[in-house]
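Here's the letter readout for the chains.
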Amino acid sequence: MTDIVFDLYLLAAALGLVPVVAFAGLPVLSQSAFLAVGAIGAMQLERAGLPIGSALILSIAGGAALGALTGWLVAKAPAPRVALATWGLAWLAAAILVAAPDLSGGTQGLTRPALDRVATPLFELTLTPTVHLVTALVLVAAALVISERIRRGPIGRDALALREDREVAAELGVPITHHIVTLFALAAAFGAAGGAGFTLLIGVAAPADLSPLLALQLFAAVIVGGGAPIAGPLLALLVLAGVPRAASLLAETGLSTDAANGVMTAAALVACLWLRPHVAARIRRRPPRPVPPGPQPEPTTASFTAQQVTDPLGILKGVDVALASGELHALVGPNGSGKTTLLRTLAARDERVARTFQRPAPLTPLTPYEQVLLARRDDPLPILELTELADRAHATDLGPGEERLLQIARTVATGKPILLLDEPAAGMTAAEREALLRVLARLKALDRAVLVVEHDLDLLSGVADKVTRLDAGRVRA
């Protein structure tokens, strides 16, 4: 039973990674460091005189605090740097344990009686394998419930948007740093709890059990399951239980234990990365829960003036822009004239401004309903109706023109009164261009101030109030 319970504690540590790895798409390779905080921390705090129950709580809290700090440090880093930074943390923790035998107990590790009585304010408990089994199962269940609640809630939508396109997520108002810190803290707390749990189970906290290879095994376990509610935990448990046992068999051929563990860990990681797309293709996301109807968009009053606008690259040579409520201002000019640069610069100047992107910006895992819900955070149907996509609210196969309409829906859903639309008609059919014109007319009726970049001036001739021609970073007409 001890081996099974040990694997379940590791499974809980792996499931704690699901929101940050599978949902937010961040390659976190430091879970072994957080397990070490729980395992070594609980032992050392008990040796310092604390009851083991209090030592457990403090070590888990310490793991969560280290996780939050790590998340804050890497919050603005791209995924490859997150992988390097967290992998470095795993190695740093391992190096500290080896270099500080007073802290880790050396190669033999720290020991305590595996079968022990724990006193709490209400009762005393004997730490038998059965008690550990129940505890590990409760920890696994807690990780599954929390992950599912995150998946189906606002943080889950935000995390998926962050995974798909960080620039779009930021433009839609997703609090990226806050979410990353929260998800890192959650992962680290479950890691510390798993580490403390298996340490009390076997009565030993040894550096060899907390190596960076364990972080790779946990990462592989999360990758292959991808956070699927049923298949995910089963596949993760298969990886966590199978790798050390396969390594033991390989070691019988003459390889050292460390070499065999490394070979099997690498093989498991490659296999899980290969299997992941095949597993994902068989997993269906549940539809979002119904949301109480929200208010219809209301007219707003806003004006915007920017003078002598320049940019760090020197593309813009002092551009003046003025927008008024209920006005549609068309911005035209040849390729390379600075139109997109102007929109990007204006969006960074004023928090009342929201913009779409010239490039495609799909958030593929989310339906149109969920994507607009991401920005609005209550019922998105009024906004979808505004962009004529209500009948496609749960579609997953939008065409290029529909994606452009959805970009506008997301931007309008932010509630910001000043909208910058970068080539919204790109890729649209004739019918979709007519729909776009109706959308622009409705935005004017809602007193939004709209600046539209478009090559086809004839398209906007019936709705544009002003036209500015930009060339070589200067206003020409």
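Note that this is a predicted model, so its numbers are computed, not measured.

Calculation criteria
- Residues numbered from 1 in each chain as written.
- Predicted model: local features only at pLDDT ≥ 70, side-chain atom pairs only at ≥ 80, totals over all residues.
- Heavy atoms only, no water.
- Salt bridge = Lys/Arg side-chain N within 4 Å of Asp/Glu carboxyl O.
- Helix = DSSP H or I, 4+ residues; strand = E, 2+ residues; numbered from the N terminus.
- Buried < 20%, exposed > 50% of the residue type's maximum accessible area, 1.4 Å probe, protein only.
- UniProt positions renumbered as here; feature names shortened; annotations may be inferred.
- Pairing = 2+ DSSP bridges.
- Polar contact = N/O pair within 3.5 Å; in protein donor to acceptor, adjacent residues only side chain to side chain.
- Phe/Tyr/Trp six-rings, centres within 6.5 Å; stacked < 30°, edge-to-face > 60°.
- Lys NZ or Arg CZ within 6 Å of the ring centre and 35° of its normal.
- Contact = heavy atoms within 4.5 Å.
- Patch = residues over 30% accessible without salt bridge, like charges linked within 9 Å, V, L, I, M, F, W, Y side chains within 5 Å.
- Areas by Shrake-Rupley, 256 points an atom, 1.4 Å probe, with all protein chains shown as cover.
- Lys, Arg positive; Asp, Glu negative; His and termini not counted.
- Charge placed at Lys NZ, Arg CZ, Asp CG, Glu CD.

Trainee: Would you mind going over the pattern of salt bridges with me for this structure?
Mentor: Where charged atoms of side chains with opposite charge meet at close range, the side chains can pair. Counted under the stated rule, the structure contains 15 salt bridges. Residue Glu46 is joined to Arg112 by a salt bridge in which the shortest nitrogen-to-oxygen separation is 2.9 Å. Of the two residues, Glu46 is situated in helix α3 (residues 31-47) and Arg112 in the loop between β1 (110-111) and β2 (117-119); the sequence distance between them amounts to 66 residues. What makes Glu46 partly exposed here is its relative accessible area of 23%. Each of the salt bridges in this network shares a partner with another, and the network as a whole consists of Asp165, Glu167, Glu171, Arg355 and Arg359.

Trainee: When you look at the UniProt feature "transmembrane region" (unreviewed entry) in the chain in this model, what are you seeing that I'm missing?
Mentor: Per the UniProt entry, the sites bearing "transmembrane region" (unreviewed entry) are residues 6-29, 50-75, 81-101, 122-146, 180-206 and 218-239 in this numbering. With 95% helix and 0% strand, the stretch residues 81-101 has end C-alpha atoms that lie 31 Å from each other.

Trainee: When you look at the environment of Ala22 in this model, what are you seeing that I'm missing?
Mentor: Its place among the elements puts Ala22 in helix α2 (residues 18-23). Judged by relative accessible area, Ala22 falls into the buried class, the value being 12%. Through-space distance from the C-alpha of Ala22 to that of Ala159 is 9.1 Å; in sequence the pair is 137 residues apart.

Trainee: How do you make sense of the pairing of strand β6 (residues 317-323) when you look at a structure like this?
Mentor: A regular strand places its side chains on the two faces of the sheet in alternate fashion. Alignment of strand β5 (residues 304-310) against β6, held across five bridges, turns out to be antiparallel. Counterpart to Thr310 in the pairing with β6 is Lys317.

Trainee: Where do I start with the environment of Thr253 in this structure?
Mentor: In this fold, Thr253 is placed in the loop between α12 (231-251) and α13 (257-280). Taking the C-alpha atoms as reference points, Thr253 and Ala208, separated by 45 residues in sequence, lie 21 Å from one another. In this structure the side chain of Thr253 is engaged in a polar contact, spanning 2.5 Å, whose partner is the backbone oxygen of Leu250.

Trainee: I tried to follow the packing of aromatic side chains on my own but got confused; where do I start?
Mentor: By convention here, two paired aromatic rings are described through the distance between centres and the angle between planes. The tally for this structure, following the rule as stated, stands at two aromatic pairs. Between Phe6 and Phe198, the ring centres sit 4.7 Å apart and the planes meet at 35°, which makes this aromatic pair tilted. Of this pair, Phe6 sits in helix α1 (residues 2-15) while Phe198 sits in helix α10 (residues 176-202), placing them 192 residues apart in sequence. Both rings, one in Trp87 and one in Trp91, keep their centres 5.8 Å apart while their planes meet at 90°; by these two values the pair is edge-to-face. Of this pair, Trp87 and Trp91 both sit in helix α5 (residues 79-99), four residues apart, which is roughly one turn of that helix. Look at Trp91 and you get partly exposed, because its relative accessible area is 48%. The ring of Phe357 is capped by Arg359, whose NZ or CZ atom sits 4.9 Å from the centre of that ring.

Trainee: How do you make sense of the pairing of strand β11 (residues 466-471) when you look at a structure like this?
Mentor: Here strand β7 (residues 328-332) runs beside β11; their pairing, made up of four bridges, is parallel. Bridge assignment links Ala330 to a residue of β11, and that residue is Val467.

Trainee: Would you mind going over unusual backbone geometry with me for this structure?
Mentor: Where the residue is not glycine, phi is negative for most of them; where a peptide bond is considered, it is trans in most cases. Backbone geometry places Glu423, a non-glycine residue, at a positive phi of 50°. Within the element layout of this structure, Glu423 appears in the loop between β9 (418-422) and α18 (430-445). Positioned with a positive phi, Asp447 is a non-glycine residue whose angle comes to about 65°. Position of Asp447 relative to the elements: it lies in the loop between α18 and β10 (449-453). You can call Asp447 partly exposed: its relative accessible area is 29%.

Trainee: What exactly am I supposed to notice about the side chain of Thr356 here?
Mentor: When you line up the elements, Thr356 lands in the loop between β8 (353-355) and α15 (368-376). When its relative accessible area of 4% is taken as the criterion, Thr356 is described as buried. For Thr356, the side chain forms a polar contact with the main-chain nitrogen of Asp422, separated by 3.0 Å. Beyond its immediate sequence surroundings of up to four residues, Thr356 is in contact with Gln407, Ile408, Thr411, Leu420, Leu421 and Asp422.

Trainee: Whenever I open this one, a positive patch on the surface confuses me. Can you help?
Mentor: Among the surface-exposed residues, Lys317, Arg469, Arg474 and Arg476 lie close enough to one another that they form a single positively charged patch. Tracing the backbone shows Arg474 in strand β12 (residues 474-475). A relative accessible area of 39% means that Arg474 is categorised as partly exposed.

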